[in-house]
Amino acid sequence: MTEQKKWFEYAGDDSDVIVSTGVHVVRNLANYPFVWRMRAQERKAMLHTILTAVQDDRLSIAGTLSCTSLEELSKTEAVSLAERGLVSPEFIAKREGRALLCNADESLSVVVNGNDHLYLTAMRPGLDLDGAGAAADTLESVLGHAFDFAFDREFGYLTADPANLGTGMHAELTMHLPGLTRAGSLSRVAAGLSQLGLSLREGPGAESAAELYRLSNRVTLGISEQEAVFNLKSMAYQVVMQERAARKTLCQSIEVQDKIFRSLGVVQNARLLSLSEFMECFTNVRLGVAEQLIRRGPAMDSMASLMAGAQPATLMLRAGRSMTASERDAARARLVRAAWGNDGKE
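Residues numbered from 1 in each chain as written. Predicted model: local features only at pLDDT ≥ 70, side-chain atom pairs only at ≥ 80, totals over all residues. Heavy atoms only, no water.

Colleague: So what exactly am I meant to see when it comes to unusual backbone geometry here?
Modeller: If a residue is not glycine, its phi is most likely negative; likewise, a peptide bond is most likely trans. Notably, E106 is not glycine yet its phi reads approximately 65°, a positive angle. Mapped onto the elements of the fold, E106 is located in the loop between strand 3 (99–102) and strand 4 (108–112). Accessibility expressed as a relative area gives 8% for E106, which makes it buried. For E211, which is not glycine, the phi torsion reads 60° and is therefore positive. Along the polypeptide, E211 turns up in the loop between strand 9 (198–202) and strand 10 (212–217). (Helix = DSSP H or I, 4+ residues; strand = E, 2+ residues; numbered from the N terminus. Buried < 20%, exposed > 50% of the residue type's maximum accessible area, 1.4 Å probe, protein only.)

Colleague: How should I be thinking about the packing of helix 7 (residues 254–269) against helix 8 (residues 275–290) in this particular structure?
Modeller: In helix packing, the relevant descriptors are the interaxial angle and the interaxial distance, both defined with respect to the helix axes. The interhelical angle for the contact between helix 7 and helix 8, taken along N-to-C directions, is 120°, at an axis separation of 8 Å. By the angle class used here, helix 7 and helix 8 are oblique. The crossing of helix 7 and helix 8 is left-handed. Taking contact as the criterion, the partners of V256, K259, I260, S263, L264, V266 and V267 in helix 7 are, on helix 8, E277, E280, C281, N284, V285, L287 and G288. Residue classes in the contact of helix 7 with helix 8 are distributed as eight nonpolar, three polar and three charged. (Axes fitted to C-alpha atoms, helices over the stretch in contact; angles between N-to-C directions. Parallel < 35°, antiparallel > 145°, perpendicular 65-115°, else oblique. Left-handed = near helix turned anticlockwise from the far one by under 90°. Contact = heavy atoms within 4.5 Å. Nonpolar A, V, L, I, M, F, W, Y, C, P; charged D, E, K, R; others polar.)

Colleague: What's the story with the nonpolar core in this structure? I'm lost.
Modeller: Side chains that are nonpolar tend, in soluble globular proteins, to be buried together. Of all hydrophobic cores here, the largest spans 55 residues; its most connected members are V110, L118, L143, M175, L177 and L200. For L200, the residues in contact, after removing those within four places along its chain, are L177, L186, V189, A190, L193, Y213, R214 and L215. Residues C251, M279, C281 and A333 belong to the second largest nonpolar core, which totals 38 residues. (Core = buried A, V, L, I, M, F, W, Y, C linked by side-chain atoms within 4.5 Å.)

Colleague: Explanation requested: the confidence of the model for the protein in the structure shown.
Modeller: Caution applies to low-pLDDT regions: their predicted coordinates should not be interpreted in detail. For the protein, the mean per-residue pLDDT works out to 91, and 98% of the residues sit at or above 70. Mean pLDDT values over the elements of the protein span from 84, in helix 9 (residues 300–309), up to 97, in helix 4 (residues 178–182). (pLDDT = per-residue confidence, 0-100.)

Colleague: It is not clear to me how the sheet that holds strand 1 (residues 18–27) should be interpreted in this structure. Could you clarify?
Modeller: To summarise the sheet geometry, strands pair through backbone hydrogen bonds and adopt either a parallel or an antiparallel arrangement. If you walk across this open sheet you meet the eight strands as 2-3-4-5-1-8-10-9, and the pairing is antiparallel. Every interior strand has two partners, whereas the edge strands, strand 2 (66–69) and strand 9, have only one. In this sheet, neighbouring strand axes are inclined to one another by 20° on average, regardless of whether the strands run parallel or antiparallel. In terms of strand pairing, strand 1 meets strand 8 (residues 169–176) through seven bridges, oriented antiparallel. Across the sheet, the residue bridging to H24 is H170, located in strand 8. Contacts from helix 5 (residues 186–195) reach strand 9 and strand 10, with the element oriented near 150° to strand 9. (Pairing = 2+ DSSP bridges.)

Colleague: Teacher, can you tell me more about the side chain of R247 here?
Modeller: In this fold, R247 is placed in helix 6 (residues 225–250). Among the polar contacts listed, one links the side chain of R247 to the backbone oxygen of D16, at a separation of 3.0 Å. In contact with R247, other than residues within four places in its own chain, are D16, V17, H176, P178, G179, L287, A290 and E291. (Polar contact = N/O pair within 3.5 Å; in protein donor to acceptor, adjacent residues only side chain to side chain.)

If you want it as structure tokens, here you go:
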């Protein structure tokens, strides 16, 4: 039986710059204490209540979301969830009474008993705020029929973090910004976006200079979800235009071209590839693919899948066994070589 493709294995609009779109919605159940005030047994009781409601055949989502109990996972399985962006590293630190509900392609998920009772996420490849927003809104509406959400007329939806009061919705774009980063323009761009109520911060692989950043709305109180999404989309187009212009100037440099093709040589031929070296090569090769300097190899929609698959715990999960650091480096190298059609033979 063929495994269903994940959402990040498809192409998206403006994917040369925008890797993915995520819309996140925080909700808490009325008449229950916040998660941080609950004991383990209370979290388990709430989890049972939520799962019973979600599995009710009268709900349109019944049967579409599989449940993963954090308590039943191995450390490798739990870390892999975090590597794939389905949960936060903090979420897997304390597992009692916590679970993840997720559909088959991982585009729709609900984290139960994290910082809040429910953390809903809808993901789409590339720039697709409308699609992700509609999916998140539908899921929130369905769950709203099953639960009474904590709401205040003045402050909106009540959350454990005051920064989420109001709509409780954060829309987020993961962007690849090597042009602005290497031109030294990122801090200026981030400052301008901050004045407009948006946040631009380092994204996955920050410790490895992956040049991935997350652009999201900071304001949730006193502004509608539609306004927040419109503002984010408008400014995202501006950042995309600036990034593309910066890339064209950047890629005229023979030194930058040399980095791109040296990185290509590594991913095509390396027998050992550490995660940090992979991420450094990843940003250079992705830039080369986007600017059509590299014309053979994985398409842009395959790059996100490659990055997810190269993470340590996910590599071991795929292999079905524990690995030493050296074994993971060898497995990562094989995975990356295979993406370029290199079977590893001399």
